[in-house]
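# Understanding the architecture of this molecule
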Amino acid sequence: MQKQEFNFLPAFAPIFYSDKTYFLLSGGRGAGKSTQAAGYFLMKLFQPDYFRGVIARYTLRSITNSIYRDILDLIDKWGVKEHLKITGDEILNPKTGNLIITHAMKVGEGTMSAKSKGLSNVTHLLIDEFTELEHEEEYIKLIDSFRTRASERKIFLCFNPGSKAHWIFRRFYLPDGTPNPKWLDDHCFLHTTYKDNLDNLDESKVAEWDRMAERDPDYYRHHLLGEWRDINEGQVFTNWKWQYDPDPEAEVIYGVDFGFARDPSAVVKVSKKGRRLWLQECVYQQGLTNEDLFHVMVKAGVPLHATIIADSAEPKSVETLRRLGFRNIRPAVKGPDSIRAGIDA
């Protein structure tokens, strides 16, 4: 078998020598975050010291698209599959007893699974697509459950920065996007871009990305350099302001857009009088089944008798919400190119 060589990028050196507990691995596309993290976990699997690593995603369905997939790919590439026992969501090294497992933070009925047995005796926890966690409280509960007494204990938070409105930005960063110094005692901030990963990228693709700095500066800054996006960037409608005081006589209609893993389910309350609209976000959450969505909507104050216009692309979901109790729900009527027409209107 031909010997395989894997080079860890210099930008990720702190994960080997730093004694800090938390590592925020942020950056843009092509930065190598996933592959480097996968290589690190696979390397730990073959070391003699006790290691139990967990790859976590927000929902069970998204696990298959996580860094766990990158680990499986590296196992094939390195030719070490015969030395491991792979069963579903676990990778065991029988010789060392070291183990990598997957963990879904959100399970059915809208509950978190932070206290499941999968997090017992863990030394390393990696939260992939960290921005999927919509609430800071979910993160705190998860890391509080990770309290195994071990010689090495590390938590990796891997993500591409999004909007500055996200709780991750407010918790860990200053308004200018630099790390908040109050976390530096036990947090290591590693931000990389494709420029840190040039040896592993196609030269023509790198040249294409370089040209994007002039062709599409917004895309270049946020998708390639991984800069945080200001709250008002990328908005479709600009003729609005923060002022929620709907007319008491306004007509009230609720809008529902179904989602699940990557795309959140969304519910908005629309109060309309004349040409004036008042909009209130009621629900914006990933990982909700239709039954979950019903209970969340009721908890958010949506009346069972409310008029609800829902995404017509999912008639089964519309019917499920109707049978659960929202009798006045109906699918939206969409004409050709309805999204663009609505924006232009």
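Rules of the game
Residues numbered from 1 in each chain as written. Predicted model: local features only at pLDDT ≥ 70, side-chain atom pairs only at ≥ 80, totals over all residues. Heavy atoms only, no water. Pairing = 2+ DSSP bridges. Helix = DSSP H or I, 4+ residues; strand = E, 2+ residues; numbered from the N terminus. Axes fitted to C-alpha atoms, helices over the stretch in contact; angles between N-to-C directions. Contact = heavy atoms within 4.5 Å. Buried < 20%, exposed > 50% of the residue type's maximum accessible area, 1.4 Å probe, protein only. Phe/Tyr/Trp six-rings, centres within 6.5 Å; stacked < 30°, edge-to-face > 60°. pLDDT = per-residue confidence, 0-100. Salt bridge = Lys/Arg side-chain N within 4 Å of Asp/Glu carboxyl O.

Below, the discussion takes up the sheet that holds strand β12 (residues 308–310). Across the sheet, which stays open at both edges, the five strands sit in the order β11-β10-β9-β12-β13 with mixed pairing between neighbours. With partners counted over all chains shown, the strands left at the sheet margins are β11 (276–285) and β13 (329–331), one partner each. Averaged over all neighbouring strand pairs, the angle between strand axes comes to 25°, with direction disregarded. When strand β9 (residues 251–257) meets β12, the two strands line up parallel, connected through three bridges. Bridged to V256 within β12 is A310. Strand contacts of helix α9 (residues 315–324): β12 and β13, with the helix running at about 170° to β13, the strand carrying the most contacts.

Moving on to helix α8 (residues 290–299). For the α-helix, the turn length of 3.6 residues means that residues three or four positions removed from each other point alike. Those residues of α8 that fall on the buried side of the exposure criterion are N290, D292, L293, F294 and M297. Remark: G301 follows α8 within two positions and exhibits a positive phi of approximately 95°.

Across all of its chains, the model carries 22 aromatic pairs by this definition. Their ring planes at 10° and their centres at 5.9 Å tell us that F169 and Y173 sit as a pair that is stacked. Classification of F169 by relative accessible area gives buried; the value is 6%. A relative accessible area of 8% places Y173 in the buried class. Judged by centre distance (5.6 Å) and plane angle (75°), the ring pair of Y173 and F189 falls under edge-to-face. Of this pair, Y173 sits in the loop between α5 (167–172) and β8 (187–192) while F189 sits in strand β8, and the two are 16 residues apart along the sequence. Each member of the pair, Y173 as well as F189, carries the same accessibility label: buried. Among the aromatic residues, those joined into a ring-pair cluster are F130, Y139, F159, W167, F169, F172, Y173, W183, F189 and W228.

As for its position among the elements, V252 is in strand β9. Expressed as a C-alpha distance, the spacing of V252 and K269, which sit 17 residues apart in the sequence, is 7.0 Å. When near neighbours in sequence (up to four residues on either side) are disregarded, V252 contacts K269, V270, S271 and T307.

A word on the confidence of the model for the protein chain. Close reading of the predicted structure is inappropriate where its pLDDT is low. Residues with a pLDDT of 70 or more make up 85% of the protein chain, whose mean pLDDT is 86. Within the protein chain, β8 carries the highest mean pLDDT (97), whereas helix α10 (residues 338–344) carries the lowest (50). When the criterion is pLDDT under 50, residues 108–118 qualifies, and its contacts beyond four places in sequence or with other chains add up to 21 contacts.

Another point: the pairing of strand β7 (residues 154–159). Burial within β7 is extensive, with six of its six residues counted as buried. The side-chain alternation of β7 yields two buried faces, one formed by K154, F156 and C158 and the other by I155, L157 and F159.

Another point: the pattern of salt bridges. Any two side chains of opposite charge can pair, given that their charged atoms come close. Applying the stated rule across the entire model yields 16 salt bridges. E152 serves as the salt-bridge partner of K44, at 2.7 Å between the closest nitrogen and oxygen. Note that K44 is positioned in helix α2 (residues 33–45) and E152 in the loop between α4 (136–144) and β7, a separation of 108 residues in sequence. Assessed through its relative accessible area of 24%, E152 is described here as partly exposed. Residue D218 pairs with R229 through a salt bridge whose shortest N-O separation is 3.3 Å. Of this pair, D218 sits in helix α7 (residues 217–224) while R229 sits in the loop between α7 and β9, and the two are eleven residues apart along the sequence. Beyond isolated ion pairs, a larger network of salt bridges with shared partners links D218, R221, E227 and R229.

Within a regular strand, side chains alternate between the sheet's two faces. Within β8, five of the six residues are buried, which leaves the element mostly enclosed by the surrounding structure. Pairing analysis gives six bridges linking strand β1 (residues 22–27) to β8, with the strands arranged parallel. Bridge pairing in β8 places L25 opposite L190.

Our focus in this paragraph is unusual backbone geometry. The phi dihedral of E129 falls on the positive side, at around 50°, and the residue is not glycine. According to the relative accessible area criterion, E129 is partly exposed, its value standing at 25%.

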